[in-house]
Amino acid sequence: MEAVIERTAMSPFIREKNDYFAGILDGRGRVVCGTMVPLFGNLTQIIFEQYPPDTMRPGDLYWYNDCHGSRGGVSHSPDMVFAAPVFHRGRLVAFSQTWGHFWDIGGMRAGSISPDATEIFHEGIIVPAVRIYREGVLNDEAFRIFLRNSRFPEILRGDIRAVLAGCRLGERRVLELFDRFGAETVLTAWALFEQQCRDTIRKTLESRIPDGSYEADDAVDGDGMSDRPFHVRMRLTKEGGRITLDTRASDDQARGPINFIMHPSVPKLIVGIYLLSGHPTLLLNDGAQDAIDDVLVRPGSILQPHWPAALGNRAHTLARVQSGVLALLALATGGDVPAPNSVYNIYFLRGFDRARNEFFLCSDGVAVGYGARPFADGLDAIYYVAQKNYPAEFMEMVFPLRLRRYALHQDSGGPGRFRGGAGVIREIELTAEEAIVAIRQDNILFPPAGVNGGHAGRPGRCVVNPGRSDERPLRPMSDGNVLRRGDVLRLSTSGGGGWGHPFDRALERVRRDVLGGVVSVGAAREDYGVIIDESGTIDAAATEALRARPRGLVRMFHRNGYFGPPVEPGR
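Described below are features of the structure shown in this document. The structure displayed is predicted, hence computed values, not measured ones. (Residues numbered from 1 in each chain as written. Predicted model: local features only at pLDDT ≥ 70, side-chain atom pairs only at ≥ 80, totals over all residues. Heavy atoms only, no water.)

The number of helices and strands found in the protein chain is 12 helices and 23 strands. Here the C-alpha radius of gyration of the protein chain, 24 Å, is about what a compact globule of 571 residues would show, namely 25 Å. Across the 571 residues in the protein chain, those meeting the buried criterion constitute 58%. Within the protein chain, contacts between residues at least 6 apart in sequence are counted, and of these 70% link residues at least 24 apart. Side chains of the protein chain give 67 positive and 69 negative charges; the mean places of these two sets differ by 1 Å. (Helix = DSSP H or I, 4+ residues; strand = E, 2+ residues; numbered from the N terminus. Rg over C-alpha atoms; globule rule 2.2 N^0.38 Å. Buried < 20%, exposed > 50% of the residue type's maximum accessible area, 1.4 Å probe, protein only. Contact = heavy atoms within 4.5 Å. Lys, Arg positive; Asp, Glu negative; His and termini not counted. Charge placed at Lys NZ, Arg CZ, Asp CG, Glu CD.)

Below, the structure written as structure tokens:
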């Protein structure tokens, strides 16, 4: 299913970035397995409400992107969900499901995502749950209406066909599975997969999370409309064998597009991913829904905004949900969790290419550093989930751009016994006459926190024409920025948080980081207490004296200073 989508899609965001998902669901619509670790809610409920299972037939295929209508089943409009029922000997046994992030579905700006959006209608066409195929016959009228709303209809047509083809292939392969092994064998195996996931998570929760109440608070820097942050507040309570996650103290919804309709399954899946990390042979599936008994969300908050709130940049708030869940688990386990990472950075370049006599849109996500783990450094330059960068050759061939520099962002990884992953620097020159730039960047005021004595990751920034007399910074959440031929856009992204006190980092690790250019000589001294020169030679006596200095009170979390409960020395 993945291969069909990736090899036949037309837009770079699906074909090159791999921003798509393929999964198999059972006949109730519960996830059996998936390829890209979905962090979204019930995908089929909105379909069942409009088309009850007893009305479905072989060859049908359902389609939607209605975020508010699905109550967070899909969380921003460019993500389109497709689901095909699978019938075995007349019995509905499964669903093949795919979705992709589509290049442009209309809205106020090309790309259908803009920091200027203040309502969902600004972010493109809304498709409720519709039956786009009935017994193998395409509803051509609905399909043509949808294509007419895009600035790039041929790209959209190709992407839809690719994602549809992946869905149809999954339908055939699942049917082959049932024909080969029989329905009862397959369904029994699927039930076992779900039970294994559920039982492992519940047992691990019981053994690792003591009874008690834990609180966490993180914030999005802003919504693009105001200068104030938006807080995501969480309380985890475990008592009498029940676990409740309460997010009702989170701030009210934003006017800008950072609102996130948090389906209750999202924090459950985050907990499930963490708890299954030590069990690589187990599948993450809907068994994770039993990880937490109750998820409480307040209507009108940033995690359950009222209609028609804009949602395009909901990843900012989703990242705070992830960091909040990790913080709760850190408090419950004494810091035995990874440090958080920054939100994925995205920019849009829109303009007209006179050399090709056509409009262009470059929608590009850029890697960040991921948080350090209790046993290893964080990963450098990670593209969200399973995505990839645009290679220089591809970028320069398809867009009127020149990639001038691509490097790790030195000193961006949070210092720690285990270093946070480094972000990147991408420097792009415009070769067209003019372009409009939108930028989505965050974690500058509230960088990814350090954990268990580690320091926070270092923030990124975006500037035009760095080092020139006309250098200017861009606001991290902004649109309408004008570039002209020869202008250079430099995007530096944030690093992940560190884990453990930096003075406990092995000297050889610091030396390798300095030689590799990930850590500067100055940061080695200031952050790690290591006196080293550019050649990698460590002054052992000076280093020992520097590291012997009192560390002061070290606490569980770090961001612009330590906070949270104290950490025992040497942990």
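That shown, we press on.
This next bit is on the sheet that holds strand E23 (residues 562-566). Within the open sheet, the three strands sit side by side as E17-E22-E23. Their pairing is antiparallel. Edge positions in the sheet fall to strand E17 (450-451) and E23, since each has one partner strand and no second. As paired strands, E17 and strand E22 (residues 555-558) are joined by two bridges and run antiparallel to one another. Bridge pairing in E22 places Val451 opposite Phe557. The sheet strands contacting helix H8 (residues 315-333) are E17, E22 and E23, and the helix crosses E22 at an angle near 165 degrees. (Pairing = 2+ DSSP bridges. Axes fitted to C-alpha atoms, helices over the stretch in contact; angles between N-to-C directions.)

Let us look at the nonpolar core. Ile201, Leu205, Met262, Leu303, Val321 and Val451 are the most contacted members of the largest nonpolar core, which totals 51 residues. Take this core: its biggest share by element is nine residues, from H8. The contacts of Val321, once residues within four sequence positions are left out, are Val232, Met234, Phe260, Met262, Ile270 and Leu303. Ranked by size, the runner-up nonpolar core spans 36 residues in total, among them Ala110, Phe152, Leu401 and Val464. (Core = buried A, V, L, I, M, F, W, Y, C linked by side-chain atoms within 4.5 Å.)

A separate point is helix H5 (residues 153-181). A rise of 1.5 Å per residue sets the reference length of H5, with its 29 residues, at 42 Å; its end C-alpha atoms lie 42 Å apart and thus fit the reference within 8%. Directly beyond the C-terminal end of H5, a positive phi value near 90 degrees is found at Gly182. (Expected span 1.5 Å × (residues − 1).)

What follows is about the sheet that holds strand E20 (residues 477-484). Strand order in the open sheet made by the four strands is E13-E12-E16-E20, with antiparallel pairing throughout. Pairing within the sheet leaves two strands with one partner each, and these edge strands are strand E13 (358-366) and E20. When the angles between neighbouring strand axes are averaged without regard to direction, this sheet yields 15 degrees.

Quick look at unusual backbone geometry now. Residues Trp307 and Pro308 are joined by a peptide bond in cis, for which omega reads 0 degrees. Structurally, Pro308 can be placed in the loop between strand E11 (294-296) and H8. Positioned with a positive phi, Arg71 is a non-glycine residue whose angle comes to about 55 degrees. Of note, Arg71 is situated in the loop between strand E3 (61-64) and strand E4 (79-88).

Counted under the stated rule, the structure contains five cavities of 30 Å³ or more. Here the second largest cavity is characterised by a volume of approximately 70 Å³. Along the walls of the second largest cavity sit Leu205, Ile209, Leu236, Ile243, Leu245, Val271, Ile292, Val325, Leu328 and Leu329, which together make up its complete lining. Of the residues contributing to the lining of the second largest cavity, the split by class is 10 nonpolar, no polar and no charged. (1 Å grid on protein atoms, 1.4 Å probe; cavity = no way out; pocket = protein on both sides within 12 Å on 5 of 7 lines; lining within 4 Å. Points joined across faces, edges and corners; volume = space filled by probe spheres on them. Nonpolar A, V, L, I, M, F, W, Y, C, P; charged D, E, K, R; others polar.)

Moving on, we get to the packing of helix H6 (residues 183-208) against helix H7 (residues 265-275). At their nearest, the axes of H6 and H7 sit 10 Å apart, and the two run at 80 degrees to each other. Judged by the angle between their axes, H6 and H7 are roughly perpendicular. Every residue of H7 that contacts H6 at Ile201, Thr204, Leu205 and Arg208 is listed here: Val271, Gly272, Tyr274 and Leu275. (Parallel < 35°, antiparallel > 145°, perpendicular 65-115°, else oblique.)

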